[in-house]
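Below, each chain spelled out in residue letters.
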Amino acid sequence: MGSRFSGIFWSLLFLAVPVLGVATFAIAPAIDVWLPKDISEHGKAIDGLFYFILGLTGIVFIATEVVLFWFLWKYDAARDNGPAKYIHGSHTLEVVWTIIPAATLLFLAIYQMNTWADVKMRRPAMAPTVEVVARQFEWRLRYPGRDGTLGTADDLFLVNDMHVPVDEDILVQLKSMDVLHSFFIPNLRIKQDAVPGMKIPVWFKATENGQFDIVCAELCGWGHYKMKGRVTVESREDFDRWLESQYAKQEATQPEPDPADAVAQN
Amino acid sequence: MQACSTSSCSPIQAFTACLVALITVASGCSADRVTPPTADAEGAKQLRVTLASAPGAAGAGEAAASTGTGWGTLKGRFVFAGTPGAPKPLVADKDTEVCSKAGMKLLDRSLLVDPSSKGLANVVVFARKASRVKNAVPEIPVVFDQKQCEFLSPVFAARVGQPVDVRNSDPIGHNTNIAGTAFNQLIPAGQGTIYKPESETGMPTMVTCNIHPWMKAYAVFRKDGYVAVTAADGSFSIADLPAGETIELQVWHERSTGPNGALVLDKPDLKWTPKGRFQIKLESDETKDLGTLEVPASAIGT
Amino acid sequence: MTMAYSLRPLWITCSLGCLVVAVGCGTTPAASFRPNMVEATKQRLTPAQEKQVATVLLAMFGTPDDPVALPETGLDEAKLRLAAGPVRSDIVGRKNGLYREHCAHCHGITGDGLGPTAAFLNPYPRDYRPGVFKFKSTERADKPTHADLVRILHNGIAGTSMPSFALLPEAQVEALAEYVKYLSIRGETELSLMRAFFELDDDAQGKLPETREFLVDETLSPIAEKWQAAADARIPVPEMPADIDLVASIAKGKELFYGDKANCVKCHGVTGLGDGQANDYDDWNKAIVEIDKEVKSTAAKAKETSTVSMSADEAAEHRSQLAWLEKFDAVLAGDALTPRTIPPRNLRHGIYRGGRRPLDLYYRIHAGINGAPMPAAKGTISPEDIWHIVNYVRSLPYELDGELGADRPMVARDRF
């Protein structure tokens, strides 16, 4: 086994890392292994930040890997017989490669502050649309009911099946009944830990109709993997109609017609 | 941890390695549950064929009822050979103004032995199968009352279809829950309700009150009505049993150590089985007195 | 090229790694139903008798991977196949093994409420084998209707670990409800067979007759018929008058709640917090408590019996009794959960396990809760009065000036 071959082999192996890395990112959207569909208003800003950071780090990554490959290839001991050069450090180099990344990070930190504030700090002044109480292993929902106030006798109680009107500001009041959970709706680009003992506001505006997943993003026990809910975004009329029908079902004083009866009679 | 040199590792390193290995293996082990016998797959296959076949002529069916006319009576008296010990008081911590009125304490009634005659009360004797029944189901209700947070009958018997007058003579409400039946009903103070058992119990079933959980009694319902509960002196009597056939009777006591509460005595002359059953055959108009039936101390649990 | 290091650490690491892997490896045996060990031991069945029961059940009901439903059960075998077996996709891409994916870890492969997670839950998951279900629309002693089971799967049970499966496709929910019925019928049949040994005549030599008449007509059919008759046992619910004066109704309901006809406060407490009593059991736990008491008393008796004056037969019997007691201890340790008392519901939470519709509360009060100490008001309290109590109970979580008043100390669970 010649060490010459060994040198070439390892250099090419390390070259494969940036090549495959870039290739994976390039084909990912085509095979649907990319960001989930964004249907929220602030999603554009968040996704924009993601792409910006991806681009920035990607360029640095590719540059670093190519340089690494180049050094492996050029200075391979089997082919390069020249004596080793020794240096005792370079102050300039150290300063340069500290200042540039620090400046970049500082820039990123300041650049994203506005988006962060929009998503996490600038709460819309409105009453909660729905209270979500995370519980092992489901999402318990409470809508305020006709009087618009949470905590009164006409509240609507549901599990896992959240509906919101489209193109409207939605404020969710997030609580936890037992342990840490995390209220995560990928398509709405919101994620917030539900901390026991705290009432945490979460807000968004959905821009498209459809059904999307709510998943738990904080390990909460053996059922964490299946703690799934569903959010349905629909027009305001549909939402109101759904709310009324659910409320009527909740106030039912007579049993629903049993499908088995219909079959028996036919 | 230093890499070992070409000679053997130090004792400490060897010990640590063994300990880690042991813990790894032990973590996979756990206390085993009892292993049940496995089913016989071949037998199951054949049985499935049998079950799938159309219901043919009924199998051998019941043995032809023994012929016989007339009716007889069975009597006896159970006595307890051991020492019963003082009955334990029950914890009656609710509605104390009624249930622990004037400091009165409710006692456990699972083993009631008459001090003078050593008679064992509340033993249930019933016929397992009788070919014919003399009397129709009576209309007179059996009264099952409760007072001062205690069921007045620790064990009572009724016939299937016979009305049971479940009463509440207390100034507070109770609910009477007959296990194994549909009956679990609120009985307000001073009121009562009629319950008609719809099926046989087999061995006696427990009656409780969910508001006052210490209250306990037993009920036994039989289709043919050939059932008796021993009185305070241990005596019982079952009248109008069909004569001329072998009748198997089951014996039960609340504190028995036998299977399902069956009372097992050592009486080979009555063919007493380990399932607490004995057999008799009566002549017409005969009154058979089994005499004193001694229940050994080992037959009753603590 | 000599190496500057020793290979010994490598050997040690490799062998430890192999050991770790070996501990975890092994072929997994196919899933099988576990017999009802508590009942089998209580009935003092011999191994031959246990084997007969297992064989009969195998013939009548199949295995967890391959269910069989005799026509007398009234079950749809296609639905059972969807729910049974390991999780996989079938030839048309439908998901199979639903029960094992969603239910088995709590309710157990056998539906015995002894799944791996069961011991950590409060309340314990339901044991289907006695055929008793708590939250349904039928009279107390009757089985739930199919719609009742589907409703529980849809809504889950609030306040317990039973989750909502509303997001599953309808066909999967139907399959699961059918499989629950199958496990319940199988469990009740098993209990019936095990108890039948005691009822055998002595000439049967301790073997059950393996005839269609005994197994199907006498044992299986009565159980299955109760399930099929459930729809006829639904509680008739009179309409709550549309123009009902809610305030007056709530006042009347409060009177009944505190009164001695309904006796609600005796268990639910004058505070409505469920602190009226704390020492009763539901049927599943009570069975274990009673058996445990019986075993302990028999054990105490057996221990104090001296073997000195016994004949050979008696000594042998004594030894077999001690062996039975030992087996029972092992069975209670491995096949039963530690019994827990069942506290009466805290009505101030606004969390109702059987559902929060006025209709659901009507069902609970009218028929009580089967398997739980909650008694039936049927026959004692008129339907109109039951509606008044329902209205009062629904107002309890929002009651500001009830018996408690504003100076009641706030307890942790009040916050929800």
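Residues numbered from 1 in each chain as written. Chains lettered and ligands numbered in written order. Predicted model: local features only at pLDDT ≥ 70, side-chain atom pairs only at ≥ 80, totals over all residues.

1. Re the overall build of chain B
Here is step 1 of the chain: A tally of helices and strands in chain B yields three helices and 17 strands.
Here is step 2 of the chain: Taking all 302 residues of chain B together, the buried fraction comes to 36%. (Helix = DSSP H or I, 4+ residues; strand = E, 2+ residues; numbered from the N terminus. Buried ≥ 20, exposed ≤ 12 C-beta atoms within 10 Å, placed from the backbone.)

2. Quick look at the domain arrangement of chain C
All names here are of chain C.
Here is step 1 of the chain: Under the domain assignment used here, chain C contains domain 1 (37-232) and domain 2 (235-280 + 342-415).
Here is step 2 of the chain: Centre-to-centre, using C-alpha coordinates, domain 1 lies 32 Å away from domain 2.
Here is step 3 of the chain: Counting residues at the interface gives 14 residues for domain 1 and 14 residues for domain 2.
Here is step 4 of the chain: Taken together, the residues of the side of domain 1 that touches domain 2 break down into six nonpolar, five polar and three charged. (Domains from an automatic or database assignment. Contact = placed C-beta atoms within 7 Å. Nonpolar A, V, L, I, M, F, W, Y, C, P; charged D, E, K, R; others polar.)

3. Quick notes on the interface of chain C and chain B
Here is step 1 of the chain: With 61 residues of chain C in contact, the opposing surface of chain B contributes 53 residues.
Here is step 2 of the chain: A total of nine residues in the side of chain C that touches chain B trace back to one element, the largest contributor, which is helix H3 (residues 47-61) of chain C.
Here is step 3 of the chain: Its residues assigned to classes, the side of chain C that touches chain B shows 29 nonpolar, 15 polar and 17 charged.

4. Quick word on the sheet that holds strand S17 (residues 287-295) of chain B
All names here are of chain B.
Here is step 1 of the chain: As summarised here, the arrangement of the three strands in space is S14-S1-S17, forming an open sheet in which the pairing is mixed. The open sheet has two edge strands with one neighbour each: strand S14 (235-242) and S17. Each adjacent strand pair in this sheet contributes to an overall mean axis angle of 20°, direction not counted.
Here is step 2 of the chain: Pairing between strand S1 (residues 71-80) and S17: seven bridges, direction parallel. Paired with Leu 74 across the strands is Lys 288, a residue of S17. (Pairing = 2+ DSSP bridges. Axes fitted to C-alpha atoms, helices over the stretch in contact; angles between N-to-C directions.)

5. Quick word on the sheet that holds strand S9 (residues 184-187) of chain B
As a general point, the strands of a sheet are linked pairwise by backbone hydrogen bonds and lie either parallel or antiparallel.
Residues and elements named next belong to chain B.
Here is step 1 of the chain: Here five strands make up an open sheet; going across it, the order is S6-S12-S11-S8-S9 and the pairing mixed. The open sheet terminates on both sides in strands that have one partner only, identified here as strand S6 (155-159) and S9. Going from strand to strand, the sheet's axes swing by 25° on average, the running direction of each strand aside.
Here is step 2 of the chain: Pairing of strand S11 (residues 205-208) with strand S12 (residues 216-222) involves four bridges; the strand directions are antiparallel. Bridge pairing links Thr 208 to Lys 216 in S12.

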